[in-house]
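Structure assessment
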Amino acid sequence: MGLYLIKVTACLAIFIVFYKLVLENESMHTYKRFYLISSLIAASIIPAILFTEYIYITPGPVLNTYVSEINSDKIPVFSQKTDYLTPTLWTIYGLGVLIFGCKFCSNLFKIGTRIRRNPKIKYQHSIHVLLEERLSPHTFFNFIFLNKQKFEVQEIPEEVLLHEQAHAVQKHSLDVLFIELMQVILWFNPFIYLFKRAIKLNHEFLADQAVLQKGAELSNYQKILLAFSSNAIETQLANAINYSSIKKRFNIMKKTTSKKAIWLRSLLVLPMFALALYSFSESEIIEIDKSLENSTSSNLPPENLQEQKSDSIQYKYIEKPNAPNIQDIAKWKNSFKYALWIDGKHTSNKELENYKLSEFVHYSSSFIYNNARSQQFPQPYQVSLFTKNKFKKQFTTNNRELNIHINKAAQILVQGELVSVLGLKQHLSKLNTDLSKEEKSEIVRGFIHVRLETPKQAVKNVSNILEEYGCVTIDIVGQKEQQDGATIKQLAAYNTIARKYNEMNTSTMRIKKGEVDQMTYLYSIMTDDQKKNAEAFPELPPMPEPPMPPSTQKIGKGEVSAIPAPPVPPAPPKSPLDHVIEMAKKDANFYYEGKSITSDEAIDLIKNNNHLNIDTRNTGSKNPSVKISKEPILIKN
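This is a predicted model, so every value here is computed, not measured.

The next subject is the sheet that holds strand β9 (residues 345-347). Reading across from one edge, β9-β8-β11-β10 is the order of the four strands in this open sheet, with mixed pairing throughout. The open sheet terminates on both sides in strands that have one partner only, identified here as β9 and β10 (360-367). Sheet twist, expressed as the average angle between the axes of neighbouring strands with direction ignored, equals 30 degrees. Strand direction decides the pairing type here: β10 and strand β11 (residues 381-387), joined by seven bridges, are antiparallel. Paired with Ser365 across the strands is Val383, a residue of β11.

Right, here's the structure in full:
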């Protein structure tokens, strides 16, 4: 936040210096009004703009670096000093905002009170508010405040009224309110007051220009301004005649800027804004590993996908802990930009307030592309923090069981990282460094996981590396190799199903084929010892024979089949038009929306709209009654 305010101040300084040197003394007042307001907005936005540059890098033959062992005694411990300066500055800033905000609201209240309590006269597009106080004429939106006594005796010149009407018509109060609000927020910034004076002075330039364009004589108008500006009390939030700016206004009245000069000065603004954007906007460079981007996860064995993923943060065996600083913790509190994990668990960004800086010894972060962001984690960055104990557990380098996967493209995946054959040697040389080669040959086991399409030469190369490394055993695990017995979860699933059927009565047993097939499969992969300790396989009644399909009767030529003929399908219902025509032949009485109509009219209605509702009743006479309606017909019993 501090850096942002410094950049805002620098932008304001550049913009106001440019205005003072290049624009202020020119008679291009409308353009200057636009420039001053735009400069305030640009100075607030430019420091918040972030440009991101992506750089593709090609790594060396070793994809990651590792260490022999993480020694907890060597992990740096950060001493966190109590920071009194930051809360003190924020307290001073908050008091300033409160004071200037109260002053702003007080001025608004005073103007509102004057409008309510004093008589008002509507004149053209403005309203004259007549005051008892001897104040200089001033304007707030379309309210022009004038001294009542001078107005009634017509001592206020027409030029002064035209001047104030120009303020009202051109809505100068909008600019004043905007700069006053900016002053409340940036009350400590000296350049905001220079902008405020420049904006109000430019309003006077615009009003003077409007009066002179109405045909006022220059020297006479200047005398009137001098008379009304001397000994006048200046009002806040309103445009008033100010004596201190009279000399400069007189000089500007006499000056004329050519169109060529206006265009030239206008074009100079563009490089100045471009320079500010280049100098004070934020930029970041994100390095993308080209080899990892091009590698496709579809070629990896499916069992490796879980090893690669951990709460969307990719962990690496690292050389030394990467501890965060105070600035890191401050920016990670932004929940719109950063998704946060602490010790592997997703948590709220506000949770950082419950930790001291010294508690975190390592962090890792990653940039997430738009197409990879989820609804749960839409943030562009994901950060994972580790405390001391969790760091040791997560990043330990003592791995007594080495699982190496080789896919059909001969890519090697070890401990969640893609490595080359040369990289595998260096990777292994950093693991289990607390053991000698003799101890490795007694403890460390190697497992090479292959697929049917895995090249044999790749398997041989990896096997030689593991043998050179000193594994006690090297097992090649194929894709279709049977596991050594059932797992604990599989045993539990088998026991649940078997116990269910063992407790059933055989005569009333209801068998579900899916459950029986699952139970049979689990029993087949169990070892003999597992079968002895598990639930006995249930005695299931034999499955009922499926019903025989009906025999087809062959009929000889000339014979009559004994199979009865299928029933004749019912005749399709008559269409509404056919029904109305039939009723017309029976001399029925037709009614449409309660009014009697002829049969021809009824037929025309149905032809034009076949979605009408029809109700036919025999009323006891020989002529039926047919009611036609757009709405559903309610039948009363």
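Picking up after the structure, the text goes on.
Before going further, it helps to examine the pattern of salt bridges. Summed over the entire model, instances satisfying the criterion amount to 13 salt bridges. For Lys248, the salt bridge goes to Glu24, with nearest N and O atoms at 3.5 Å. Note that Lys248 is positioned in helix α9 (residues 246-253) and Glu24 in the loop between α1 (2-23) and α2 (29-45), a separation of 224 residues in sequence. Two residues, Glu180 and Lys196, come together in a salt bridge whose shortest N-O distance is 2.9 Å. Of this pair, Glu180 sits in helix α6 (residues 172-185) while Lys196 sits in helix α7 (residues 190-213); the two residues are 16 residues apart in sequence, bridging distant segments of the chain. Note on accessibility: Glu180 and Lys196 belong to one class, buried. One network of salt bridges, in which partners are shared, links Lys20, Glu24 and Lys248.

Turning to the packing of aromatic side chains, a few remarks are in order. Enumeration over the complete set of coordinates arrives at 15 aromatic pairs. The structure contains a cluster of three or more aromatic residues connected by ring pairs, namely Phe15, Phe18, Tyr19, Tyr35 and Phe273.

Cut-offs and rules
Residues numbered from 1 in each chain as written. Predicted model: local features only at pLDDT ≥ 70, side-chain atom pairs only at ≥ 80, totals over all residues. Heavy atoms only, no water. Pairing = 2+ DSSP bridges. Helix = DSSP H or I, 4+ residues; strand = E, 2+ residues; numbered from the N terminus. Axes fitted to C-alpha atoms, helices over the stretch in contact; angles between N-to-C directions. Salt bridge = Lys/Arg side-chain N within 4 Å of Asp/Glu carboxyl O. Buried < 20%, exposed > 50% of the residue type's maximum accessible area, 1.4 Å probe, protein only. Phe/Tyr/Trp six-rings, centres within 6.5 Å; stacked < 30°, edge-to-face > 60°.

Any functional reading would require information that these geometric values do not contain.
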